[in-house]
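Architecture and fold: a report
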Amino acid sequence: MSAPKLIDGKAAAARVLLQVREDVARLHEQAIEPALAVILVGNDAASQVYVRNKILRAEEVGIRSLEHRLPSDTSTEQLLILIAQLNADPAIHGILLQLPLPRQMDELRALEAIAPQKDVDGFHSQNVGGLSQGRAVLTPCTPSGCLYLLEQTCGDLRGKHAVVIGRSNIVGKPMAALLLQADCSVTVLHSRSHNAEALCRQADIVIAAVGRPRLIDASWLKPGAVVIDVGINRIDDNGRSRLVGDVDFDAALPHVAAITPVPGGVGPMTIAFLMKNTVTAALAQHHALRSQSEAVCHSIY
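Residues numbered from 1 in each chain as written. Predicted model: local features only at pLDDT ≥ 70, side-chain atom pairs only at ≥ 80, totals over all residues. Heavy atoms only, no water.

We now examine the pattern of salt bridges. The tally for this structure, following the rule as stated, stands at eight salt bridges. Residue E77 pairs with R109 through a salt bridge whose shortest N-O separation is 3.2 Å. Placement of the pair is E77 in helix 3 (residues 76–88) and R109 in helix 4 (residues 107–113), with a sequence separation of 32 residues. A relative accessible area of 45% places E77 in the partly exposed class. Under the relative-accessibility criterion, R109 is labelled partly exposed at 39%. Where D156 meets R158, a salt bridge forms, and the shortest distance between an N and an O atom there is 2.7 Å. We classify D156 as partly exposed; its relative accessible area is 43%. R158 gets classed as exposed once you look at its relative accessible area, which sits at 59%. (Salt bridge = Lys/Arg side-chain N within 4 Å of Asp/Glu carboxyl O. Helix = DSSP H or I, 4+ residues; strand = E, 2+ residues; numbered from the N terminus. Buried < 20%, exposed > 50% of the residue type's maximum accessible area, 1.4 Å probe, protein only.)

What follows is the structure, given as structure tokens:
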């Protein structure tokens, strides 16, 4: 087997963002200014970092961003009022609700309140259902980024056996749906799966998204597999804090054809596809408004 290839998520994200920047410039020429509203409730340190990075990327590609910070004691009803205002604002094309929310809030109600056409995270049930049916909808950013990395690394995915480890609504389930659309044979493993290691060893592609540091070692992997590690886990390593993935990178590296590092793999792709979704949403909403205007003109004349 040839030397394993590190899948450079930073470089791939830069390519996506370059295309987004070009798309935004074309929209500006049509007097369309894509705009993303970001809602942050509370003072979670990690969430603040994520929000700051998203706003910076938006500025870099020319997307207007608006940040709404709410105190940690905000009620669900108060949040829903803000979401309704953003839904009704035609100048806002994407709404991102940074998760997790404080414990007293109803996360599902809040996500369902976001208009599906502005749901740039792809979490609304209408978008989730559309994805399962293979329709063109706003798709969760992390799985979309993972699929992009796989297509760039493997080329044609048809017929490959992909194992998704984890069944979350944010990554595992939509990842499986996207892989099915790409004509992979898909197995989803989770905490109740029997013979998980043996099943994983059959995979051409492994997507690890369980949130357990270094769970998957070389014994889980078929020689020559391509591994996408979604996990971001902070551990104490000889008194120093550092980030590791769900895959034991050092153990897996000699056995695989390609693998994403942590950090620097999947993480940058998530924000890149958030920007891509915002542009997609802006263009779709512009077309919808134009179609409505034309329908009104026809009805009058």
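From this point on, the discussion continues.
Turning to the UniProt feature "binding site: NADP(+)" (unreviewed entry) in the protein, a few remarks are in order. Per the UniProt record, "binding site: NADP(+)" (unreviewed entry) is found at G166, R167, S168 and I232. Filtering the just-named annotated residues for those lining the largest pocket gives S168 and I232. With respect to the helices and strands, the residue S168 is situated in the loop between strand 5 (161–165) and helix 7 (172–181). Among the residues examined, S168 registers a relative accessible area of 32% and is labelled partly exposed. The residues contacting S168, other than those within four sequence positions of it, are K173 and P174. Structurally, the position occupied by I232 is in the loop between strand 8 (226–229) and strand 9 (233–237). Ignoring any residue separated from it by four or fewer positions in sequence, one finds I232 in contact with L243, V244 and V262. (UniProt positions renumbered as here; feature names shortened; annotations may be inferred. 1 Å grid on protein atoms, 1.4 Å probe; cavity = no way out; pocket = protein on both sides within 12 Å on 5 of 7 lines; lining within 4 Å. Contact = heavy atoms within 4.5 Å.)

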